[in-house]
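Listed below are the residues making up each chain.
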Amino acid sequence: MGSTPLYVVAVLAAVYFAYRWALPKPIPGIPYDESAKNSLFGNLPEIWSAVRTTRRLAPFLVEHPKKHKSALTQIWLGPFQKPRLILSDPRESSDMLLRRFREFDHGQVSVDAFNGMIPNHHIAMYSSDPRFKGNREIIRDLMTPKFLHEVSAPQIYAKMMTLIELWTLKTELSKSQPFSAHRDIFEAAFDMISAAAFGLEDDQSTIRHQLDFLKSKSDNISLTKEGDAVIFPEIPTLPILEAIEGITNHIGDQVKSPYPKLMNKYELLTNPTLVKQIARKNKFIQDQIDKAVMRLRTGENVTRSAMDHILRREMNAAKKEDREPIFHSPRVHDELFGYIVAGHDTSSNTLLWMLKNIADYPEVQTELREALHSAYPEAHANGAQQDCVELSKTSVPYLDAVIEESLRYEGPFPVTSREAIVPCELLGHKIPKGTQVFLLSDGAGFQSPCIPIAEHTRSLSSREKSMYGSWDPSNMHLFAPERWLKLDESGNVVYDPLSGPMMAFSLGPRGCFGKRLAYLEIRIVLALLVWNFEFHKLSDELSSREAYDTLTKNPRQCFVSLTKII
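Residues numbered from 1 in each chain as written. Predicted model: local features only at pLDDT ≥ 70, side-chain atom pairs only at ≥ 80, totals over all residues. Heavy atoms only, no water.

Would you mind going over the overall build of the protein in detail, with residue names and values included?
Broken down by element type, the protein carries 21 helices and 17 strands. Rg of the C-alpha trace for the protein: 26 Å, near the compact-globule value of 24 Å for 566 residues, within the 12% margin. Expressed as lengths along the three principal axes of its C-alpha atoms, the size of the protein is roughly 95 × 60 × 50 Å. The proportion of buried residues among the 566 residues of the protein is 54%. Taking the contacts inside the protein whose residues are at least 6 apart along the sequence as the reference set, 74% of them involve residues at least 24 apart. (Helix = DSSP H or I, 4+ residues; strand = E, 2+ residues; numbered from the N terminus. Rg over C-alpha atoms; globule rule 2.2 N^0.38 Å. Buried < 20%, exposed > 50% of the residue type's maximum accessible area, 1.4 Å probe, protein only. Contact = heavy atoms within 4.5 Å.)

Explain the packing of helix 7 (residues 130–139) against helix 14 (residues 306–320) residue by residue, including any values.
Contact geometry of helix 7 with helix 14 gives a least axis separation of 9 Å together with a crossing angle of 115°. Seen from helix 7, the contacting residues are Glu137, Ile138 and Ile139; seen from helix 14, they are His309, Ile310 and Arg313. Here the residues of the contact of helix 7 with helix 14 sort into three nonpolar, one polar and two charged. (Axes fitted to C-alpha atoms, helices over the stretch in contact; angles between N-to-C directions. Nonpolar A, V, L, I, M, F, W, Y, C, P; charged D, E, K, R; others polar.)

Break down the sheet that holds strand 1 (residues 72–75) for me, citing the residues and quoting the values.
Spatially, five strands are ordered 1-2-10-7-3 in an open sheet, and the strand pairing comes out mixed. Of all the strands in the sheet, just strand 1 and strand 3 (104–106) have a single pairing partner and so form its edges. Neighbour to neighbour, the strand axes of the sheet diverge by 35° on average, direction disregarded. With four bridges connecting them, strand 1 and strand 2 (residues 84–87) associate as antiparallel partners. Paired with Thr73 across the two strands is Ile86, which belongs to strand 2. Helix 5 (residues 90–99) contacts strand 2, strand 3, strand 7 (415–420) and strand 10 (436–440) of the sheet and is inclined by roughly 120° relative to strand 10. (Pairing = 2+ DSSP bridges.)

Any details on the packing of aromatic side chains? Residues and values, ideally.
Applying the stated rule across the entire model yields twelve aromatic pairs. With a centroid separation of 5.9 Å and an interplanar angle of 80°, the aromatic rings of Trp167 and Phe179 are classed as edge-to-face. You can see Trp167 sitting in helix 8 (residues 145–174) and its partner Phe179 sitting in strand 4 (residues 179–180), a full twelve residues away along the chain. The class for Trp167 is buried, based on a relative accessible area of 0%. Arranged with centres 5.4 Å apart and planes meeting at 85°, the rings of Phe198 and Phe284 form a pair that is edge-to-face. Within this pair, whereas Phe198 is found in helix 9 (residues 182–198), its partner Phe284 is found in helix 13 (residues 272–297), the two being separated by 86 residues in sequence. By relative accessible area, Phe284 is classed as buried at 16%. Counting every residue linked through ring pairs, the aromatic cluster contains Trp167, Phe179, Phe232 and Phe533. Here the guanidinium or amino end of Arg408 rests over the ring plane of Trp471, the centre of that ring lying 5.9 Å away. (Phe/Tyr/Trp six-rings, centres within 6.5 Å; stacked < 30°, edge-to-face > 60°. Lys NZ or Arg CZ within 6 Å of the ring centre and 35° of its normal.)

Here it is in structure tokens:
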């Protein structure tokens, strides 16, 4: 009996020391929340509360450095977790992405988030992964100017003209009353990326099906209203589109989760809808590949999609190596699906934000339309559409400025992650190998003034090779495309992509692979919409800028009120 108190004391002491051992361990000198340091769960309760309320992680990350008045802070995402750093400085972030990639690689956050759904896609691989180089090799030509202009652009243009036709009919039927653009842009973006990926025919277009359905109802249509907006009847969403949306949302949830691997396994065990969506996706890609192989084996020489190009490369490689081609490899399947997921989600949400900006800033819309009229004088004089070649190749500085300003103002990816792959230094602090770093492309330095940093703490390459200008702190919060324009030596107005910091698609060797395709699609879509329609400014009720996150940043609503111009 006498030993019982000693036993209890020993147990309590062991528990206490285990508790102290399990508490978060900060990296010396980097600011953090004292309450998180003294909690087994770190910052996780506060983060989960924010994510459940807003469906967004980025606002918490953006505000944390501001709260501590430090461009570099640290947080903990749960028990037994190493600290994760938040870097809120465009210069140092750009330097890390462009020049310090031998110290900081693709982050574990991204690898784990994508590994559950597309483990054989290059986005789910570290740069040191033996598979990475081979994956990038089979898709490398898809972003060359030749492929984009000759293969991707015509597909995007053709599907976009169907959306123009649909919105012309909706404008006529609604008498220019507001209607939601959300689903139309979502489906049009799917049509465009599917056409670029698989050579989707017009009779497979979701927007074409919506147009034909609305035409069949137009003679005796009875429109309902919800508030100030008109509600149009619609056909059900295609199963494959529902599957892609479901899988994209699942990946987005994993990006926000501190335990993405565990979450993915749990969802696969408990979510039969997700399992069915994955099976539907797999069948869709297999069917598309089989159709393409049949065409290619009959001697068709035209490359009309990314898939055609990838399959031709495999056929040529197999012939060279004297083997049978492998068309249904996990690598090919995942690269094609990743091409669709990333391309669709990025483009659709970027376009939704751009439409909101065009309506909210009518003076920008007017100037953009005038710039387009000047750039395409013959089409303007004839009341005709610009052709695909003109749209993709003619220089229109103000169009480029509007696109870039929209991406700065409401970028699709507010956060990029990197991982220290060697012990290194960041803003004067020693960083252990394996430390995860969140790089912000939102907040300080982008839409609000930079957080002050002592120049001597910056990396040598950051001090010597800064390539961007900086934004005027007095108007960073405004939507102002002219900030991207300057006069060249001849006095001509030109677009300057280095006017100020921009990380909408990340930077460097692990930046967004599909960036060029995204810019091409956005350019064609925005030019055609502003050419064909006037976008009217809407009431506050219909122009909210509230957002939520899937894989990218989404507006909660996007309504348009249109007048047809040509």
